[in-house]
Structure formats: structure tokens, C-alpha cells
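# Residue-level structural notes
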Amino acid sequence: MNNFPEKSFSQSLNNRSKDYSESRFLIFYSTIAACLGELAACLVRFPTELVKQRTQAGQHRSSWEALCHILRGQSSGFCRSYASIVIRDISFSAFQFPLWEVLKQKMRNIYDSNNETVLSDAASKSKSWLSNTYAQSTISGSIAGGVSAALTTPLDVVKTRIMLNETKHGWVQCICQIIKKEGVHALFKGVTFRVAWISLGGALFLGTYDGVRYLIHNLSN
């Protein structure tokens, strides 16, 4: 059971030979795997994120003081902060990974259809396709990361304010409060930098991940 997220994610990545008409299954498995993976990752990411942000905001003199403050149960909004980061990260992954898979699938179909008449045998076709795996994953990763970053920026804004104790409300009430006092545009503060940064990160991480994965697979065969 502990390996379920990893196995699910691997299954979604191995659906490369399937027709694009089956992408609804690809989206489903990728979404479930991404959400479960993020849920597990948040257990590690959340405490460090909370300590870092409250220390940087000047609420504590050091990270150690912030950590002790939280461990003693003197930090308000702990559960609300955890919920906010889980909601943000799960939503982000639920958008990013399925979109990444679908974009790669679509790009492969376009690439294969354009080269069907040029490539004479299966071996040369496989070699030519593998040589473009990194480019396909990089472009798809950048687009998926940017779109996901833009869509989840409001959740990121809410997460930051809750973690810094700027509001005593839950995340739904926090969104309503921001809209009422500052307008809808306030939910998208920092969206340009967030989209640019995550687009670059998505291109590098997902492109390298897929490129190395197929390189190892090719060498092992």
C-alpha cells in the first residue's frame, strides 16, 4: 500500500503506446497518483514551509525558535495552515501532471503522423522518437507548469496569508475576505513571476525526468 502512489504514477507514465482516445484513463490515473503523491509530500513539506515563512516574516528570531514555538502548540492556525498548503499543492498537481501527460501524448501523435511516411522501419522510428522525448517532455512540462501555476495562484495567496497568521479564517472565508476588501485581482498577486518560475521549473524537472527515464530504459534494453 505504501508504494501505491509510485505504482500508480508509473502506470500513468507507461501508457505511451495507447491511442489518444484512451486519454480519459490517462488523465484519471495521473490525477489520482499526483494527488496521493502530493498528500504524502505535504507531510514533509508543510513543517519546513511553515517554519521558513514565519521566520522570514520576522515573527521569530530564528528557525529553531519558530520550530519550538510550533512544537509546543503555541502556534495558532496550524491545522488551517496545513489544510491550505495541502489544498494548493494537490490542486496544482491535479492540473499539472494530467495536462503534462495529455500534451506529451498529443505531441507524440502529431510527431508520429508527420514521420510515418519518412521512417521506413520500426527501429529507426523508435530511435527518432526517443531522440525527441526530452523536447516533448520539456515543452509539455513548461506549458503544464505555467497553466497550473496560473490556475492555483489564488490558493497560493490564501496559503501565504494563513501561514503568516494574517487571517484567522479558513481558506474559503479567507478568499471571500480578500475579494471583499481588495478585489478579485488581489487573488492573483505575484501570478506573473509564479507562472514564469514554475514554467521554467516544469520544463527542467519534467523534461529531465522523462529524458533520463527513457535513456535508462533504452540502455537497459
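Residues numbered from 1 in each chain as written. Predicted model: local features only at pLDDT ≥ 70, side-chain atom pairs only at ≥ 80, totals over all residues. Heavy atoms only, no water.

The name given to the protein chain in an unreviewed UniProt entry is Mitochondrial thiamine pyrophosphate carrier 1, with Pneumocystis jirovecii as the source organism. Heading Sequence similarities (unreviewed entry) of the UniProt record for the protein chain holds this comment: "Belongs to the mitochondrial carrier (TC 2.A.29) family." On record in UniProt, under Subcellular location (unreviewed entry), the comment for the protein chain is "Membrane". (UniProt positions renumbered as here; feature names shortened; annotations may be inferred.)

Membership of the largest hydrophobic core is limited to 9 residues, which are Cys-42, Phe-46, Leu-50, Val-51, Ala-66, Ile-70, Ile-85, Val-86 and Met-163. For this core, the secondary-structure elements that each account for two or more residues are helix H2 (23–56), helix H3 (63–71) and helix H4 (78–115). Setting aside residues up to four positions removed in sequence, Val-86 forms contacts with Leu-39 and Cys-42. Residues Val-157, Ile-162, Ala-186 and Leu-187 belong to the second largest nonpolar core, which totals 8 residues. (Core = buried A, V, L, I, M, F, W, Y, C linked by side-chain atoms within 4.5 Å. Buried < 20%, exposed > 50% of the residue type's maximum accessible area, 1.4 Å probe, protein only. Helix = DSSP H or I, 4+ residues; strand = E, 2+ residues; numbered from the N terminus. Contact = heavy atoms within 4.5 Å.)

Enumeration according to the criterion identifies 0 disulfides in this entry. Free of any disulfide, Cys-174 has its nearest cysteine sulfur in Cys-176, 9.2 Å distant. We classify Cys-174 as buried; its relative accessible area is 1%. (Disulfide = S-S within 2.5 Å.)

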